Amino acid sequence: MKTIGHWINGKEVAGTSGRFADVFNPATGEVQARVALASKAELDMATDHAAAAQVKWGATNPQRRARVMMEFVRLLNRDMDKLAEVLSSEHGKTIPDAKGDIQRGLEVMEYCIGAPQMLKGEFTDSAGPGIDMYSMRQPLGVAAGITPFNFPAMIPMWKMGPALACGNAFILKPSERDPSVPLMLAELFQEAGLPDGVLQVINGDKESVDAILDNPVIAGIGFVGSTPIAEYIYGRGCSNGKRVQCFGGAKNHMIIMPDADLDQAADALVGAGYGAAGERCMAISVAVPVGDATADALMERLIPRIEKLKVGPYTAGTDVDYGPVVTAAAKANILRLVQSGVDAGAKLVIDGRDFSLQGYEDGFFVGPHLFDHVTPEMEIYRKEIFGPVLSMVRRATYEDALKLAMDNEYGNGTAIYTRDGDTARDFAHRINVGMIGINVPIPVPLAYHTFGGWKKSAFGDLNQHGPDAFRFYTRTKTITARWPSGIKEGASLNFRPMD
Ligand code: NAD
């Protein structure tokens, strides 16, 4: 069986800890490889190599670094099909969805080609008599990224692109559930001209994450994953004096106003609720129609659309709408939550519990589920299910619907469907959520804007990609300079303006 190692100093190396995790093909349920789980000693060794390589990379001029990004983008396009195939085989998502995963990472790499512009400092001529003042952005040194299973190409690229473009060395600790694509990305970076040692990929679990959190050389950490782990990493990383940004889980609400185009809203809910088997942090998991008439009319449109969904393996090509969930444990958790919804009295309008696919009986497939009459105290409302389960929570008025979304502890994404500009504007201004769609179900910002949630969906004060990424992966230094000929007076003991 294939064993997946680490990428250290420009080559794949076998793990030495003696610990491994199984990597499944979620469509068949078979173990297709095992991945090495790094020890603290392996992480520390990789970090020392990264620190040594960073010195030269950090001193390389930004346009040369940008050229590496440019070549990487070309290679990524060249290998798109191969990467998508491997991604789907470990994650389970369809090939078009896997290509979308790669594409949204690629767009951030394209944005990083503009690093020389983003890294330009500021200069004030004659800030005082004979005094000039300027600021520069310098890399942190060694930065690390810890990423989730659900976007094994996009999120590693969101982290490594800006970190490397800013002149840092970067250690990626991807999800142990789908580790192959991140290693392929490292190989492509080497082909693109990235010097060995500047990018390391360390596979592992909590042991390697804790080693990252405690390693004194690592100056910054970007995390994406579930909220409990985000909170843990933020707390421990910050108390160790690191710059940390952590993006957590979500429970995204879509409010459907009585004046909305209900066919559009139903199409949007099906795509955003069931795409990628609901394993997206921007998936819509709660539909909030305003008024019973809107709810009933929406239900009428949703049911036939959901019943038509085709669930199957990525190998079935475009005949499939979504694939299996990532592991047997994920499937068991989703089914447990569905049962809790039934037990709590929600109406299970579409029941996918008995879904089975001939020839793939051991795959981790979950049929689509639709609940009506869900209430805020139910576990299916409170917990992130991360599966193909859509809950309808009915509300009588717009204010009630808005309050529901605002009271939810998560604040990643949200959407409103309406034809009324005043309502849409009011919603966008008042809602305490980071990314908002107006008649757009999954409002993932493009690379040159920033991505991040509010409340328990994000910890730290800078977002991912866009200008914030260049701020996160650099430190600012401000210099006040005066040359000897500009010094006109003797010693002064006063703290005073320069003029
Ligand atoms: P996860 O939290 O289980 O794992 C994320 C990373 O943390 C992995 O690399 C994993 O190895 C590591 N990890 C897991 N348990 C750990 C522990 N006890 N100590 C230290 N490290 C640990 O998340 P996941 O299941 O891989 O991904 C799904 C979650 O990610 C969902 O909650 C989803 O909403 C969230 N997500 C959020 C965003 C966002 O931008 N907000 C984007 C994608 C996914």
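These numbers were taken from a predicted model, which means no experiment stands behind them. (Residues numbered from 1 in each chain as written. Predicted model: local features only at pLDDT ≥ 70, side-chain atom pairs only at ≥ 80, totals over all residues. Heavy atoms only, no water.)

Draft legend 1. Quick look at the domain arrangement of the protein. Segmenting the protein into domains produces domain 1 (2–248 + 457–479) and domain 2 (252–438). Centre-to-centre separation of domain 1 and domain 2, based on C-alpha positions: 31 Å. Contact with domain 1, which involves 22 residues of that partner, is made by 24 residues of domain 2. In this assembly, domain 1 packs against domain 2 so that about 1,900 Å² is buried in total across both faces, 65% of it on carbon and sulfur atoms. When the buried area of domain 1 at its contact with domain 2 is split by residue, Ala 27, Thr 94 and Ser 457 rank highest and sum to 26% of it. Applying the counting rule to domain 1 against domain 2 returns 1 salt bridge. The closest approach of N and O atoms between Asp 97 and Arg 280, which form a salt bridge, is 2.9 Å. Summed over the shared surface of domain 1 and domain 2, the number is 5 residue pairs in polar contact (both at pLDDT 80 or more). Listing elements by their share of the side of domain 1 that touches domain 2, those giving two or more residues are α3 (80–91) and α4 (95–112). When residues in the side of domain 1 that touches domain 2 are grouped by element, the largest group, 5 residues, is from α3. For the side of domain 1 that touches domain 2, a count of residues per class yields 7 nonpolar, 10 polar and 5 charged. (Domains from an automatic or database assignment. Contact = heavy atoms within 4.5 Å. Buried area = accessible area lost by both parts, 1.4 Å probe. Salt bridge = Lys/Arg side-chain N within 4 Å of Asp/Glu carboxyl O. Polar contact = N/O pair within 3.5 Å; in protein donor to acceptor, adjacent residues only side chain to side chain. Helix = DSSP H or I, 4+ residues; strand = E, 2+ residues; numbered from the N terminus. Nonpolar A, V, L, I, M, F, W, Y, C, P; charged D, E, K, R; others polar.)

Draft legend 2. Examining the site of the ligand more closely. Taken together, 28 residues lie near the ligand, and Thr 147, Lys 173, Glu 176, Ser 226 and Glu 384 sit nearest. Between the ligand and the protein, one listed contact pairs an oxygen atom with a backbone N or O atom of Gly 225 at 3.3 Å. Within the contact set of the ligand, an oxygen atom lies 2.6 Å away from a side-chain nitrogen or oxygen of Ser 226. When residues of the shell around the ligand are traced back to their parent elements, those giving at least two are α8 (206–214) and β11 (218–224). (Near = heavy atom within 4 Å.)

Draft legend 3. Up close: the pattern of salt bridges. The final tally for this structure, using the stated rule, is 30 salt bridges. The closest approach of N and O atoms between Glu 191 and Arg 78, which form a salt bridge, is 2.8 Å. With Glu 191 in helix α7 (residues 180–191) and Arg 78 in helix α2 (residues 62–78), this residue pair connects regions lying 113 residues apart in the sequence. When its relative accessible area of 45% is taken as the criterion, Glu 191 is described as partly exposed. Across the pair Lys 383 and Glu 379 runs a salt bridge, and its minimum N-O distance is 2.7 Å. Residue classification places Lys 383 among the partly exposed positions, given a relative accessible area of 37%. Owing to a relative accessible area of 19%, Glu 379 belongs among the buried residues under this scheme. Look at the salt bridges and you will find they share partners, linking Arg 78, Asp 79, Lys 82 and Glu 191 into a network. (Buried < 20%, exposed > 50% of the residue type's maximum accessible area, 1.4 Å probe, protein only.)

Draft legend 4. Quick look at helix α9 (residues 227–239). The end-to-end C-alpha distance of α9, which contains 13 residues, comes to 18 Å, matching closely the 18 Å that a straight helix rising 1.5 Å per residue would cover. Taken as a whole, α9 has its buried residues at Thr 227, Ala 230, Ile 233 and Gly 237. Buried residues of α9 fall within an arc of 125° about the axis and therefore sit on the same side. Opposite its buried face, α9 presents the exposed residues Pro 228 and Ser 239, each directed more than 90 degrees away. Those residues of α9 hidden inside the fold are in contact with β8 (142–146), α8, β11, β12 (243–247), β18 (410–411) and β22 (458–459). Just downstream of α9 lies Gly 241, where phi reads positive at about 80°. (Expected span 1.5 Å × (residues − 1). Arc of directions from axis to C-beta.)

Draft legend 5. Quick peek at the nonpolar core. Counting residues in each nonpolar core, the largest one holds 65 residues, and the members touching the most others are Phe 72, Leu 76, Ile 102, Leu 164, Phe 170 and Phe 189. Looking at this core, the element that brings in the most residues is helix α6 (residues 154–165), giving 8 residues. Both domains that meet at this core, namely domain 1 (2–248 + 457–479) and domain 2 (252–438), each give it at least three residues. In contact with Leu 76, other than residues within four places in its own chain, are Leu 83, Ile 102, Leu 106, Met 157, Leu 185 and Leu 188. (Core = buried A, V, L, I, M, F, W, Y, C linked by side-chain atoms within 4.5 Å.)

Draft legend 6. How the structure looks around the sheet that holds strand β15 (residues 347–350). On the basis of which strands lie adjacent, the open sheet formed by 7 strands has the order β15-β16-β17-β14-β13-β19-β20 and mixed pairing. Every interior strand has two partners, whereas the edge strands, β15 and β20 (435–438), have only one. Strand-to-strand, the axes of this sheet are offset by a mean angle of 20°, without reference to chain direction. With 2 bridges connecting them, strand β14 (residues 284–289) and strand β17 (residues 389–392) associate as parallel partners. Along β17, the bridge assignment pairs Val 286 with Ser 391. Packed onto the sheet, helix α11 (residues 292–307) meets β13 (252–256), β14, β15, β16 (369–372) and β17 and runs at close to 165° relative to β16. (Pairing = 2+ DSSP bridges. Axes fitted to C-alpha atoms, helices over the stretch in contact; angles between N-to-C directions.)

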